[in-house]
Amino acid sequence: MDGGAAADGAADEGVTGGVAADDGVRGRAGGARGVQAGPEAAAAAGTGTVAAETGTVAEETGTAVAETGTAARLQKLFEGHRLTPTQRRIAHCMVRRAADAPFLSSVELAELAGVSQPSVTRFAVALGFDGYPALRRHLREVAPTDKPGGTGSYNEYQQAVQAEIDNLRQLAAALADPSPVSEAGRLLAASRPLPVLGLRAATAQAAGFSYFARKVHPDVRLLDEGGTMLADRIDAAVRAGASALLCFALPRHPREVVDALDYARTAGLTVVTVADSAFAPVAHHTDLLLPAPVGTGLAFDTACAPMLLGRVLLEAMCDALPDAQARLEQFDAGAAARGLFVE
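About the thresholds
Residues numbered from 1 in each chain as written. Predicted model: local features only at pLDDT ≥ 70, side-chain atom pairs only at ≥ 80, totals over all residues. Heavy atoms only, no water. Helix = DSSP H or I, 4+ residues; strand = E, 2+ residues; numbered from the N terminus. Buried < 20%, exposed > 50% of the residue type's maximum accessible area, 1.4 Å probe, protein only. Contact = heavy atoms within 4.5 Å. Areas by Shrake-Rupley, 256 points an atom, 1.4 Å probe, with all protein chains shown as cover. Pairing = 2+ DSSP bridges. Axes fitted to C-alpha atoms, helices over the stretch in contact; angles between N-to-C directions. Core = buried A, V, L, I, M, F, W, Y, C linked by side-chain atoms within 4.5 Å. Salt bridge = Lys/Arg side-chain N within 4 Å of Asp/Glu carboxyl O. Arc of directions from axis to C-beta. Right-handed = clockwise from strand over helix to strand, strands pointing away.

For the protein chain, the count of helices and strands is 12 helices and five strands. By residue count, 42% of the 343 residues in the protein chain fall in the buried class. Contacts in the protein chain between residues at least 24 apart in sequence constitute 67% of all its contacts with a sequence separation of at least 6. For the protein chain, the accessible area works out to roughly 17400 Å², and carbon and sulfur atoms hold 54% of it.

Here you go:
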């Protein structure tokens with residue numbers, strides 16, 4: 001399903017420091033994040049739960065490591081090769097289906113990627129293999145020996161949820177190196193104004209980010225409509241002093257998003273893009289790409305990982321804005337005075 005969901009709730013009684021009362025916004029006093037419960041109560045409640053779930057967590061962690069490891073190995077295998085757009089599409093598909101990739105036939109992979117079977121063969125040769133069978137043998141050698149299972153008892157809705165959980169695990173593994181997100185946060189915080197682009201399927205992601213970003217950033221401009229006015233709005237942001245543009249790009253990727261990113265870079269903006277893969281069509285039209293996989297098991301794609309990555313970017317931007325906490329506290333005071341939220 002397109003779009004992201006807003007984070008739940010405002011401040012609770014357990015939150016310490018200056019807390020914004022807005023929906024989904026929590027305080028950042030003294031650098032602390034989240035809710036602080038009474039230590040004795042938290043310890044008493046948590047000990048039994050942790051003890052009961054240790055075995056399950058250990059089992060799931062092993063599966064997650066294997067799956068995210070396969071995706072990381074695929075990314076590394078593809079990096080450094082000059083791939084055609086069709087070949088990048090195949091690479092994109094294999095990363096998204098990392099758990100199944102070592103077991104797919106060339107015909108199956110071609111169907112999933114929406115390309116011809118000879119294109120899959122040429123893709124394997126471009127990576128340095130004699131053909132697709134050699135590539136598949138290589139993937140089986142470096143991946144877990146058994147095809148991942150355990151979902152046979154799940155219905156199609158549960159399978160979609162499990163796929164999103166896997167996507168979040170893959171995102172967590174990517175965030176082991178926080179430097180790209182930290183750099184993106186600095187770029188976004190320094191841009192005044194900050195244009196945020198998201199068209200079609202990515203509109204909700206861009207709107208959600210903009211909604212919260214406006215509470216800490218002095219000038220956020222949402223670009224959620226295409227057409228001839230899009231370039232005009234980018235020009236207006238540049239004239240007002242913008243130095244960076246944030247883009248959310250999700251499949252299917254509109255051509256005008258690629259054109260808008262090229263135009264923004266020509267205008268002197270540094271482009272930061274949250275996309276579904278490092279091999280997405282926007283990859284070569286951005287300065288800093290932050291991948292977050294989407295789910296494809298339902299009629300409409302699910303985008304929990306891009307939404308969460310957007311919230312992580314908000315956190316990084318707040319870290320780079322010295323007055324972020326003061327702005328949240330100011331909003332909190334105003335919301336309380338107006339009775340904006342129901343207790």
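Moving on: the sheet that holds strand E2 (residues 220–223). Reading across from one edge, E2-E1-E3-E4-E5 is the order of the five strands in this open sheet, with parallel pairing throughout. Taken across any chain shown, the strands that pair with only one partner, and hence form the sheet edges, are E2 and strand E5 (288–291). Looking at each pair of strands side by side, their axes are set apart by 20° on average, direction ignored. Together, strand E1 (194–197), strand E3 (244–249), strand E4 (270–275) and E5 form the strand contacts of helix H7 (residues 179–190), whose direction differs from that of E5 by roughly 125°. This element, helix H9 (residues 229–239), spans E1 and E2 of the sheet and lies at about 165° to E2.

Let us look at the nonpolar core. Counting 36 residues, the largest nonpolar core has Phe209, Leu246, Leu290, Leu313 and Met317 as its most contacted members. The greatest single-element share of this core, amounting to seven residues, is contributed by helix H11 (residues 304–320). In this view, Phe209 contacts Leu188, Leu194, Val196, Leu246, Phe248, Gly310, Arg311, Leu313, Leu314 and Met317; residues no more than four positions away in its chain are not counted. By size, the runner-up hydrophobic cluster in this structure holds 27 residues, among which are Ala71, Phe78, Val115 and Val120.

Here Ser210 shows up in helix H8 (residues 203–213). Overall, the relative accessible area of 0% leaves Ser210 in the buried class. With near-sequence residues (within four places) excluded, Ser210 lies in contact with Val196, Val220 and Leu222.

A word on the pattern of salt bridges. Applying the stated criterion to the full structure yields six salt bridges. Notably, a salt bridge pairs Asp219 with Arg221, separated by 3.3 Å at the nearest N-O pair. Its relative accessible area of 29% is what places Arg221 among the partly exposed residues.

Those residues of helix H3 (residues 106–113) not exposed but buried are Ser106, Leu109, Ala110 and Ala113. Around the axis of H3, the buried residues are gathered within 100° of arc, so they sit on the same side. In H3, the exposed positions angled more than 90 degrees off the buried face are occupied by Val107 and Glu111. Elements that come into contact with the buried residues of H3 comprise helix H2 (85–96), helix H4 (117–126) and helix H5 (132–142).

The sheet contact formed by E1 and E2 spans four bridges and is parallel. Bridging across to E2, Val196 finds its partner in Leu222. As a crossover connection, the stretch from E1 through H8 into E2 is right-handed.

To continue, consider unusual backbone geometry. A negative phi angle characterises most non-glycine residues, just as the trans form characterises most peptide bonds. In this structure, Pro193 follows Arg192 across a cis peptide bond, with omega equal to 5°. The linkage connecting Pro251 with the following residue, Arg252, adopts the cis geometry, with an omega of -5°. Note on placement: Arg252 falls in the loop between E3 and helix H10 (255–266).

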